[in-house]
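Structural features, examined
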Amino acid sequence: MPRVSIRGPRRAIERSRAFLLFLDLLGALLARYFMFCQATSEIRVEGMEDLVADLKRGPVVLAVWHGRLLGVLLSWSSELGEIVTLSDPSPIGRVGAAAMRRLGTSPVFMRKSAANASALRDVLRAIRDGKTLGIAADGPKGPARQVNSATAIWIAKSKMRVYVVSWSLDKSYCLPTWDRFLFPFPFSRGVIIYRKFDVSGQEAATALRKELSGSLSLQEQEADEHVRRLPGRGLGRVRRNRSP
């Protein structure tokens, strides 16, 4: 009996106007929820002074793990200028892009072609226009906590100043996704850390990947320790000081 492929009908559904509107609605609801979490939580931002000073000299690159990307969106202000992010054109990627637009960023969809020439042109045009680039260093599909080669090449060739970003909340949930996305809960206590990454002497993409991966992972651990959040999946567990 011949096998029936569902790829064609699936693609037709994913490209339909009704489905795209549905994804956009989900993104809008998600953005509203994230803004509610931001409004009800106490989130401290570290390193913003250095970032503001560098932004006066021109746009920068904000490097973050895919699972902690939300920290950039919640701490960014329109006063800092516009920010462009890279997004995956998959359905879940479009939901995320719809949420990001409502949180003040301009997503650029990566194509499935290896070169991504169209996306690269859009990003370079945005940078020339003075927009900051926010990039998930292990996105869009992993492996998790490993800077991919495309990110390293873009950073090395752009010659832009780079900031490593991470964040954490004491009340949060690590989703069982490939990136262990940190999903926030309202009425939380958290921290967002911006720290300049030294790219001097790291023109080689391989060395840059290694150093940037280490900086991102260490900063993620530091953010978790700030709010006493234990690493791992599931609900955010908080370390408590035990009396002797």
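Please refer to the structure placed before this passage.
In this report, the structure presented in the accompanying data block is examined. (Residues numbered from 1 in each chain as written. Predicted model: local features only at pLDDT ≥ 70, side-chain atom pairs only at ≥ 80, totals over all residues. Heavy atoms only, no water.)

Some remarks on the environment of Leu70
So the rule is basically this: Helix and strand assignments follow DSSP, with helices taken as H or I runs no shorter than four residues and strands as E runs no shorter than two, numbered in order from the N terminus. Only protein chains enter the accessibility calculation, which uses a 1.4 Å probe. A residue is then buried if its area is under 20% of the maximum for its type, exposed if over 50%, and partly exposed in between. The criterion used for residue contact is that any of the two residues' heavy atoms lie within 4.5 Å.
If you trace the backbone, Leu70 turns up in helix α4 (residues 70-75). Taking relative accessible area as the criterion, Leu70 reaches 2% and is therefore assigned buried. For the pair Leu70 and Phe183, spaced 113 residues apart in sequence, the C-alpha to C-alpha distance is 8.6 Å. Residue contacts for Leu70: discarding those within four places in its chain leaves Phe34, Leu103, Trp167, Phe181 and Pro184.

Let's talk about the packing of helix α7 (residues 149-158) against helix α8 (residues 205-226)
For clarity, the threshold we go by: The axes used here are C-alpha line fits, helices contributing only the stretch in contact, and every angle between their N-to-C directions lies in the interval 0 to 180 degrees. Any angle that falls under 35 degrees is termed roughly parallel, while one over 145 is termed roughly antiparallel, one within 65 to 115 roughly perpendicular, and all others oblique. Note on residue classes: Ala, Val, Leu, Ile, Met, Phe, Trp, Tyr, Cys and Pro are nonpolar, Asp, Glu, Lys and Arg are charged, and everything else, Gly too, is polar.
Between α7 and α8, whose axes approach to 9 Å, the crossing angle comes to 105°. Classified by the angle between their axes, α7 and α8 sit roughly perpendicular to one another. Contact residues: α7 offers Ser149, Ala152, Ile153, Ile155 and Ala156, while α8 offers Ala205, Leu208, Arg209 and Leu212. Residues that form the contact of α7 with α8 fall into these classes: seven nonpolar, one polar and one charged.

Some thoughts on a nonpolar patch on the surface
Here is the rule we go by: By definition, no residue in a patch forms a salt bridge, and every one has over 30% relative accessible area; like charges are joined within 9 Å, nonpolar side chains (Val, Leu, Ile, Met, Phe, Trp, Tyr) within 5 Å. All accessible-area figures derive from a Shrake-Rupley calculation using a 1.4 Å probe, and residue coverage is judged against the displayed protein chains alone. Whenever a carboxyl oxygen of Asp or Glu lies within 4 Å of a side-chain nitrogen of Lys or Arg, that contact is scored as a salt bridge.
A cluster of nonpolar side chains, Phe22, Leu25, Leu26 and Leu29, forms an exposed patch at the surface whose accessible area comes to about 370 Å². Its place among the elements puts Leu29 in helix α2 (residues 17-40). On the basis of relative accessible area, Leu29 is assigned to the exposed category, the value being 51%.

Considerations on the sheet that holds strand β4 (residues 105-109)
Cut-off, in case you're wondering: Any two strands with at least two DSSP bridges between them are considered paired.
In space, the seven strands of this open sheet follow the order β1-β9-β6-β2-β5-β3-β4, with mixed pairing throughout. Only two strands of the sheet have a single neighbouring strand rather than two, namely β1 (42-46) and β4. Each strand of the sheet is rotated relative to its neighbour by a mean of 25°, with strand direction disregarded. The pairing of strand β2 (residues 61-64) with strand β5 (residues 132-136) spans four bridges and is parallel.

Topic: α8
To be explicit about the condition: Expected helix span is computed as 1.5 Å times (number of residues minus one). The arc in question is formed by the directions pointing from the helix axis toward the C-beta atoms.
For α8, with 22 residues, the first-to-last C-alpha span of 31 Å sits near the 32 Å given by 1.5 Å per residue. Within the sequence span of α8, burial applies to Leu208, Leu212, Ser213, Leu216, Gln219, Glu220, Ala223 and Asp224. Down the axis, α8 shows its buried residues gathered within 140° of arc, on one side only. With respect to the buried face of α8, the exposed residues turned more than 90 degrees away are Thr206, Lys210 and Leu218. In this structure, the buried side of α8 is in contact with β2, α7, β6 (162-169) and β9 (189-197). Following α8 by one or two positions, Arg228 adopts a phi angle in the positive range, close to 60°.

Side note on the packing of α2 against helix α5 (residues 91-102)
So the rule is basically this: Put simply, a crossing is left-handed when the front helix is turned counterclockwise from the back one by less than a right angle, and right-handed when it is turned clockwise.
At their nearest, the axes of α2 and α5 sit 7 Å apart, and the two run at 50° to each other. By the angle between their axes, α2 is oblique relative to α5. Like other packed secondary-structure pairs, α2 and α5 cross with a definite hand, here right-handed. Together, Phe19, Leu20, Leu23, Asp24, Leu26, Gly27, Ala28, Leu30 and Ala31 of α2 and Pro91, Arg94, Val95, Ala98, Ala99, Arg101 and Arg102 of α5 make up the contact between the two elements. Here the contact of α2 with α5 is built from residues that sort into eleven nonpolar, one polar and four charged.

Concerning the packing of aromatic side chains
Keep this limit in mind: A pair of aromatic rings is counted whenever rings of Phe, Tyr or Trp (Trp by its six-membered ring) have centres within 6.5 Å, and the orientation is called stacked for planes under 30 degrees apart, edge-to-face for over 60 and tilted otherwise. Distance and angle both matter: a charge sits over a ring if NZ of Lys or CZ of Arg is within 6 Å of the ring centre and within 35 degrees of the ring normal.
On inspection of all chains with the given rule, the structure shows five aromatic pairs. Their ring planes at 55° and their centres at 6.1 Å tell us that Tyr33 and Phe34 sit as a pair that is tilted. Looking at Tyr33, the relative accessible area reads 25%, which means it is partly exposed. Judged by its relative accessible area of 4%, Phe34 is buried. Joined through ring pairs, the aromatic side chains of Tyr33, Phe34, Phe183 and Phe185 make up one cluster. Directly above the aromatic system of Phe109 lies the positively charged group of Arg94, at a separation of 4.5 Å from the ring centroid.

Read these as geometric descriptors, not functional statements.
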